[in-house]
Each structure stands twice: as C-alpha cells, then as structure tokens.
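Single-letter residue listing:
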Amino acid sequence: MTVSYNLDISSVSVFVFMKLLFRWRGSIWKLIMNELLVWLCGYYVFGFYTVAVARNIREIRELPSFDSSLRSVDTGVTRVRMTVSYNSAVSSVSTFTFFRLLLRWRGSIWKSISGELLLWLVCYYIVFVVYRFALSAEQQQTFEAIAHYCDGRLVYIPLTFMLGFFVSIIVDRWRDTFKNMGWIENFLQILAFRDISMRVRRRFPTMETLVVAGFLNENELKHLEDISLSYNKYWVPLQWALSICVKALEKKYFEMPYAMICVQNEIKAFRTNMAQLCNYDWVPVPIAYPQVVFLAVRAYFVICLVSRQYLLKNQVNDHSDVSSLLIRYLFICHLFLYLMGTMIDLYIWRC
C-alpha cells in the first residue's frame, strides 16, 4: 500500500526535505536498489569487455562478419491481434521483475519490430562493407561528405513532434474504444461487432449462427428479416428493448414511470457507446497523418544507413575504431527500437 509521509512534512524547516529524501520504507531507494546494483555490475562488466576487445583486436578486418547471423531475414511485420496480459509477470516486485517483463516475446516490442530491425541491420552492413572495401579512396571521400551532410540534416525531421501528436491521438482513441465496448453480451452488441471485427464476423458469419449461439430466437429472426431495409438494422434490438420497457410499465413491473425512464436512459447510453465504436470504425485517423509519420520514421532510418556509418576519417587507431563501432552500433539499435517500436505498436492499436 502507499506509505504515508504527511507527518514528515507537517512543519516547515531546513531539514524537512532531508527527512523526506532519506526515508527508506516505500522510498525510491528501496525500490531501485537491486536494479541499480545489477546495472552497475553490467556497466563495469561491459566496460572491462570493451577494453579487452580494444586491446586484443588489431584490425577491424579480422573481426567476424557482423552480419553473419543475419542471413535469414523475415521482412514481414508481425501483427499483434489483441492486447497480451502480463499482470502475472509483474504481480510482485523483485530484482528480476523487469527482466521477466522485458524478455517476454508474445505481444512484445521484439516480436513487433524483429523483421524490420533485421532488414535494417542487413542494409546497414551492406553499406558498411561497400564503403570500407568496394569504394576507392576518392569515392570514400565523397561518401564521407554525403554522410556528414546527411547527419547534420537529420534534425530537420521532427520525429519527436510528430510521434508526440500521433501517440496522443491513438492512445485517446484506444482509451475511448475500451471504455465504450461494454460487458453486456446482447444482440445489439453482436450486430455492431460483426461489422467492426473480422474475428466476430468469422465467429458469426450468418444470422442463423446467432440463433444457434442463443443471442436470437427463431421468431425474432423472422421478424428481423421481414424488415425491408438496405441499411444496417442496429436500431431494431434497441427498439425491441424500449418497447419491452413500456410493456413492463403497463404491467406494473415498474412502480413508477421514472424507473422506466432510468432503464431506457441506460439502454440509450449503451446504444451511444456502440455508435461511438462504429464511428471509430467508419472514420479512422485521416490516412495522411499516419502516412506522414510512417514515412518520416522510415526515411529517418534510411538516411541513417549512410549518416550513422563510422567514417574512416574519424578513425584514430584500430583500438578506438573497434570500440567506437560497437558503441555506435548499440546506440543506433536502441534508437531503432524506441522509434520504430512506438510507431508499429501505435499502428497495431489503431487497427
């Protein structure tokens, strides 16, 4: 539960902040102590490893091919069909909770972007090999000039600005969709979901399947088919429900008309929620905006194929070349994970 600290700040003095800062129970120090120790150990292990690599490897040509493990590439983007529950993985706080959450595969960022990341890495090292071994000295100088120019112009692509608005739009729509779904399985909901979700459409391909599932009676199906209308018939079960409320009032099932009105208002509110879902399905985010965002992110990383290469003119010696190449490789992979993962996950939510 939340730890109370009101007594520590009940009076104003010089030491109030210090008392609040150095509390242990429920504090940030207690929460992150184990992970901080793990991070420090990993930091120094990686540091010693980098120093060892820089000392032992003399020439970059003697390194194993970086793209040797990237021969087989699946370039398709994996589509996640539904939100994956991970509550059980984070039900308790421990040092390894973060790692259990981070290393999950189903519905994860790794599964979402694995294809595009592998494809981008293959292209990156193709450019790397061509630049280092296929170009002449004069051509390498031209390539370095182009890379330097592109690297200085990457700031002209406002990824933070565009992704910020895109995140706001998609998350708001996802939140509204979740709030309006409702938990009452009825005929009106099934009719709406059949036009929104392909999975529901495959589950109930015809009206007869609704009868078999118990959402509709035979006489109700006949009455529905007798209505000659070329448009959707979402309003029919709503009208049935409102008529039943009127009959219930006539038979004194409601003690007063106000009770009937309250029930009818709830039915109308449910209908409004279904209408909102249909509106989101009929009127998606204007396609121009997702196209601009997707194009901007991919154009950014296409430019990075050239601009983020480690240039020969920056090479001081073989040791610094190896360590700088590894660090540059890690940073660009992290950037790809963050930006591309955000964009693809938002696209999945939108769908």
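Just so it is clear, the structure is predicted and the values come from calculations on it, not from any experiment.

Participant: Can you break down the overall build of the protein residue by residue, with the values?
Facilitator: A tally of helices and strands in the protein yields 14 helices and zero strands. Helices (α) and strands (β) of the protein occur, in sequence order from the N terminus, as α-α-α-α-α-α-α-α-α-α-α-α-α-α. Long-range pairs, those at least 24 residues apart, make up 68% of the contacts in the protein between residues at least 6 apart in sequence. Total accessible area computed for the protein in this model is approximately 23900 Å², and 63% of it derives from carbon and sulfur atoms.

Participant: Explain the packing of helix α11 (residues 235–250) against helix α12 (residues 257–282) to me, using residue names and the numbers behind them.
Facilitator: Direction vectors running N to C along α11 and α12 enclose 170°, while the axes themselves pass 10 Å from each other. The angle between the axes of α11 and α12 places the two elements in the roughly antiparallel class. Touching Leu238, Ala241, Leu242, Cys245, Val246 and Leu249 of α11 are Pro257, Met260, Val263, Gln264, Ile267 and Arg271, all from α12. Here the contact of α11 with α12 is composed, by residue class, of ten nonpolar, one polar and one charged.

Participant: Go over the nonpolar core, please, and point to the residues and values.
Facilitator: Counting 33 residues, the largest nonpolar core has Trp120, Leu159, Tyr300, Phe301 and Phe336 as the members making the most contacts within it. Within the residue set of this core, elements represented by two or more residues are α4 (109–134), α5 (137–153), α6 (159–180), α13 (288–307) and α14 (318–350). No other element matches α4, which puts nine residues into this core. Contacts of Leu159, omitting those with residues within four sequence positions, involve Ala296, Val297, Tyr300 and Leu339.

Participant: Outline the pattern of salt bridges, listing residues and values.
Facilitator: In the structure shown here, the tally under the stated rule is five salt bridges. Between Arg201 and Asp195 there is a salt bridge, with the nearest N and O atoms lying 2.7 Å from each other. Residue Asp195 is classed as partly exposed on the basis of its relative accessible area of 30%. Of the charged contacts in the structure, one is a salt bridge between Lys222 and Asp226, with a shortest N-O distance of 3.5 Å. Of this pair, Lys222 and Asp226 both sit in helix α10 (residues 218–226), four residues apart, which is roughly one turn of the helix.

Participant: How would you summarise the packing of aromatic side chains if you had to cite specific residues and measurements?
Facilitator: Taken as a whole and assessed by the stated rule, the structure comprises ten aromatic pairs. When the centroid spacing of 6.0 Å and the interplanar angle of 75° are considered together, the rings of Tyr125 and Phe128 count as edge-to-face. Note that Tyr125 and Phe128 are positioned in helix α4 at a spacing of three residues, about one turn of the helix. Using a relative accessible area of 8% as the deciding quantity, one classes Phe128 as buried.

Participant: Help me get a handle on a nonpolar patch on the surface, residues and values and all.
Facilitator: Residues Ile32, Met33, Leu36, Leu37, Trp39, Leu40, Tyr43 and Tyr44 make up a contiguous nonpolar surface patch of roughly 800 Å² in combined accessible area. Along the chain, Leu37 turns up in helix α2 (residues 28–56).

Participant: Tell me about the UniProt feature "transmembrane region" (unreviewed entry) in the protein, and please be specific about residues and values.
Facilitator: UniProt marks residues 36–57, 84–103, 115–134, 154–171, 292–311 and 326–349 with the feature "transmembrane region" (unreviewed entry), using the numbering shown here. Secondary structure content for residues 115–134 is 100% helix and 0% strand, and the end C-alpha separation is 27 Å. Along residues 154–171 one finds 72% helix and 0% strand; the C-alpha atoms at either end are 27 Å apart.

Participant: Quick one: what's the story with unusual backbone geometry, residue by residue and with numbers?
Facilitator: The phi angle at Lys252 is positive, at roughly 65°, despite the residue not being glycine. Within the secondary structure, Lys252 is located in the loop between α11 and α12. Given a relative accessible area of 68%, Lys252 falls into the exposed group.

Conventions and cut-offs
Residues numbered from 1 in each chain as written. Predicted model: local features only at pLDDT ≥ 70, side-chain atom pairs only at ≥ 80, totals over all residues. Heavy atoms only, no water. Helix = DSSP H or I, 4+ residues; strand = E, 2+ residues; numbered from the N terminus. Contact = heavy atoms within 4.5 Å. Areas by Shrake-Rupley, 256 points an atom, 1.4 Å probe, with all protein chains shown as cover. Axes fitted to C-alpha atoms, helices over the stretch in contact; angles between N-to-C directions. Parallel < 35°, antiparallel > 145°, perpendicular 65-115°, else oblique. Nonpolar A, V, L, I, M, F, W, Y, C, P; charged D, E, K, R; others polar. Core = buried A, V, L, I, M, F, W, Y, C linked by side-chain atoms within 4.5 Å. Buried < 20%, exposed > 50% of the residue type's maximum accessible area, 1.4 Å probe, protein only. Salt bridge = Lys/Arg side-chain N within 4 Å of Asp/Glu carboxyl O. Phe/Tyr/Trp six-rings, centres within 6.5 Å; stacked < 30°, edge-to-face > 60°. Patch = residues over 30% accessible without salt bridge, like charges linked within 9 Å, V, L, I, M, F, W, Y side chains within 5 Å. UniProt positions renumbered as here; feature names shortened; annotations may be inferred.

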